[in-house]
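# A look at the structure
Here is what each chain is made of, one letter per residue.
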Amino acid sequence: MSSTALTPAGEVVRLTGAEAVVATTLELAPPFTVDVWAAPAVSGTGAPHRLQGILLGMPAGAGSHRRPIAWTLGLDRSRHPVVRLEHDEVTVTEVRAASPLPRLVWSRLSVSVTHERLSLDVDGRTVASAPLPPEVALPARQTVTVGRSRDAVAGAVRYGYFTGLLAEACAHPGPGPAPGAAAPIVEPRDAWVTNPAAYTADRDRPRYHFAPPAQWMNEPHAVIHHGGRHHLFYQRNELGPFWGAITWGHAVSDDLVRWTDLGSALDGADIPYAPDGVWSGSAAYAPDGTPLVFFTAGDDRDDPNQRTAWARPADPQDPKLRSWEPGPDPVTTLHDALPELRRRGLEPLSREFRDPFVWREEDTWFQLVGAGIQGRGGTALLFRTTDPTSAGWEFVGPLAIGDASSRPDTGVHWELPVLVPVGHDAEGRQKHVFFMTPWWPEPCEHSLLYAWYWIGDWDPGTATWIPDHDAPRLLDVGGFFTGVTASVAPDGRVLLWTIAQDLLSEEEHARRGWAGNAGLPIEVSFRHGDLRVTPARELTALRGRTVLDLIASPSASMPDRIAVAAGPAAELHIEADVPVGGSVDLAVRAPAGADPAVLVVVTRTGASTGRLDVVRAGAAEPARAHRSGEDLHLAPDEPVRLHAFLDHSMVEVYVQNHRSVTSRAWARDGDGDAGWVRAADGARLTAVKAWTMQDATVVEDR
């Protein structure tokens, strides 16, 4: 029996989306069979009808604008093998396996076509077949393409392409799979590991900020500190560097800075009530210490298409908590809140109900869910229960409601609501901070700019929240810091986790092969009526060599301007005596004779007040070319202190442990990653210290 190879003999083909092996044209008149070994890496297709295409057969010479008869072997959004026969974009016959293929495990797929029937075999067993309509006639000469479907979407957003490993694809005349085909000797979980060298030439991809090995991420969330390890979950798409097919990525760390990525802990393909994605949520702990996670279940078959649900570890003793079991049903929906909201004369936005934040106080569990009130603004809906895994959550009411008319920058909907204790005031009263991320239905001048917070008093007995101040406060003034969530470390520290926006185009994401990274973990506490904010102390473990260590003395002052050449990954400590009207500046990626990619300026505006300015001359994002914050607290006669972390395109600066700046410094030809520090208008530098920073490349362990 002669056969034609469709993939290189003896080789494993690794496909990561929008890639297709060169098509093969051959004589393939029915009856014929095509065989392939497949190890899919991810689920998802972008739409219910679309397939991840493994093999596509079309008449030879069919142009891109013609829609003749064609057959596709692929996977549906839940990884079920499917063979589809189409004519003029209309499905005429389709067969589907009852069981999905396992992830990163070799499976043998065979498609047999005779003049009468279409059959699908999986691992040598026929799992589905159907008669061919008598009017269907496949051509004798076909072009077979590996790795895509007929309706594959190319370009930046890439659907319809296979993501995983293929091997030994071949076609041969006659019905039935080729006998005795041995599985490839390559272990799929080893072959799927991303080579970090793929990004060596990218001067902008961060090296010690958390990011998945490849493709797309959005906000981290549901951080767990359990069994001596830190567990980070995050929004992920492994089909490509674009939004879609969202799962919960899962990574673990022993030190908060070096992470091992374990793949996806929750995938809508495995959850019947979340076929359209597993979106953001949070984590809490049962009285015995077992962690529970709460997530947004996406289901476009329902309106609203968002509900909250939960999952628990399959084995709480597993130190990596690899496997998670979702509950049988969602636990809260917008419908649960409607009667009470309408009794109060409030009408919620109809399709916005997501991002549960759950915590326990003694025997009572509380849940905040992000939502919006029509004609008012964003809100966080408050529920409570004594059994978090039941449908018995009682709707209490809105924790707070925004005012989008007077403050349009606070959004019409609030995402990622968070309420956590941050310390005690001078009278010993427990203070809480409430964070939210504003949202609008369409992009606007405020989009992806803010993470707002209020400090105030929370009473669990009455389930009421009273903020200390009417106007929201902005923790970070850089314009790239959003998606705040919180966790409490075993030592009691409150840690904030964020997504650092990159704002690159979809085309640029596709070119680079990655999109998004997390911000550094941040410690927050209560001080002088506001938040104290510092980078997590564990980051000192990444310090490399000292490249600057300058301290002024009464007999030896420092220059007003000092060059910093610590490379693209560095940590800086800067101190300066700054009088009223004076300033201290930090320039990042500043080539000679050109404006810096990012310039951070701290100016003392009064005896105890200051202003932060972030200047990105020539930035492609006008709303972020110049950002300013006027509410910086500078104690009288206290030095101005800047603590900066530079990681290729990432710039994070903490000023007086009070406000932060998160920005992006994109590389340009000739900048050499150089920078400088400057004191101006009567200010005087008193100390400058800089270290190189080691890489903390995320390791894969599937």
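Just above, that's the structure.
My aim in this report is to walk through the structure given alongside it, one point at a time. All figures in this text were calculated on a predicted structure; none of them were measured in a lab. (Residues numbered from 1 in each chain as written. Predicted model: local features only at pLDDT ≥ 70, side-chain atom pairs only at ≥ 80, totals over all residues. Heavy atoms only, no water.)

### Re the overall build of the chain
What counts is decided by this rule: Only DSSP runs of H or I reaching four residues or more are called helices, and only runs of E reaching two or more are called strands; each is numbered from the N terminus. We compute the radius of gyration over the C-alpha atoms and compare it with the globule rule, which gives 2.2 Å times the number of residues raised to the power 0.38. Exposure categories follow from relative accessible area, calculated using a 1.4 Å probe and restricted to protein chains: below 20% of the type maximum is buried, above 50% is exposed, and the middle band is partly exposed. Note on contacts: a residue pair qualifies if any of its non-hydrogen atoms lie within 4.5 Å across the two residues. Here the Shrake-Rupley method, with its probe set to 1.4 Å, supplies the accessible areas, and only the displayed protein chains count as covering residues. The positive count covers Lys and Arg only, the negative count covers Asp and Glu only, and His and the chain ends enter neither. By convention, charge coordinates are those of NZ in Lys, CZ in Arg, CG in Asp, or CD in Glu.
Along the backbone of the chain there are three helices and 51 strands. Taken against the 2.2 N^0.38 rule, which gives 27 Å for 702 residues, the C-alpha radius of gyration of the chain at 28 Å falls within 12% of a compact globule. Over its C-alpha atoms, taken along the principal directions, the chain stretches across nearly 90 × 65 × 45 Å. Looking at the chain residue by residue over its 702 residues, the buried ones come to 60%. Restricting the contact set of the chain to residue pairs at least 6 apart, pairs at least 24 apart contribute 63%. Carbon together with sulfur atoms contributes 51% to the accessible area of the chain, which is approximately 26,600 Å² in total. Across the chain, the mean location of the 63 positive side-chain charges is 2 Å away from that of the 88 negative side-chain charges.

### Here we look at the sheet that holds strand β39 (residues 543-551)
Rules: A pair of strands is labelled paired if DSSP reports no fewer than 2 bridges between them. Every axis corresponds to a line fitted to the C-alpha atoms, with the helix fit spanning only the stretch in contact, and the corresponding angles, defined between N-to-C directions, vary from 0 to 180 degrees.
A sheet is described by the order of its strands in space; here six strands give the open sequence β39-β50-β41-β46-β47-β48, paired in antiparallel fashion. Unpaired on one side and paired on the other, β39 and β48 (659-664) mark the two borders of the sheet. Across the sheet, the mean angle separating the axes of adjacent strands is 15° when strand polarity is ignored. When strand β41 (residues 569-577) meets strand β46 (residues 640-647), the two strands line up antiparallel, connected through eight bridges. Looking at the pairing, His-573 lines up with His-643 of β46.

### Some points on the pairing of strand β34 (residues 494-500)
Within β34, seven of the seven residues are buried, which leaves it mostly tucked inside the rest of the structure. Of the two faces of β34, the one carrying Val-494, Leu-496, Thr-498 and Ala-500 and the one carrying Leu-495, Trp-497 and Ile-499 are both buried. Once strand β33 (residues 481-488) ends, the chain turns through five residues before running back antiparallel as β34, passing Gly-492 with a positive phi of about 95°. Taken together, the two bridges between β34 and strand β36 (residues 517-518) define a ladder with antiparallel strand orientation. Paired with Ile-499 across the strands is Ala-518, a residue of β36.

### As for unusual backbone geometry
Only a minority of non-glycine residues have a phi that is not negative, and only a minority of peptide bonds are not trans. Of the consecutive residues Pro-30 and Pro-31, the connecting peptide bond is found in the cis state with omega at 0°. Turning to its location among the elements, Pro-31 is positioned in the loop between β3 (21-27) and β4 (32-40). Note that the residue after Asp-303, namely Pro-304, is joined by a cis bond; omega there is 5°. Along the chain, Pro-304 turns up in the loop between β21 (291-298) and β22 (306-313).

### Focus on the nonpolar core
The condition that has to hold: In these notes, a set of buried Ala, Val, Leu, Ile, Met, Phe, Trp, Tyr and Cys residues joined through side-chain atoms within 4.5 Å is what counts as a nonpolar core.
Residues Phe-434 and Val-584 are the most contacted members of the largest nonpolar core, which totals 86 residues. Discounting chain neighbours no more than four positions away, the residues touching Phe-434 are Leu-368, Ala-380, Leu-399, Trp-414, Pro-417, Val-418, Leu-419, Trp-452, Tyr-453, Trp-454 and Trp-465. Membership of the second largest hydrophobic core comes to 38 residues, among which are Ala-38, Ala-128, Val-136 and Phe-162.

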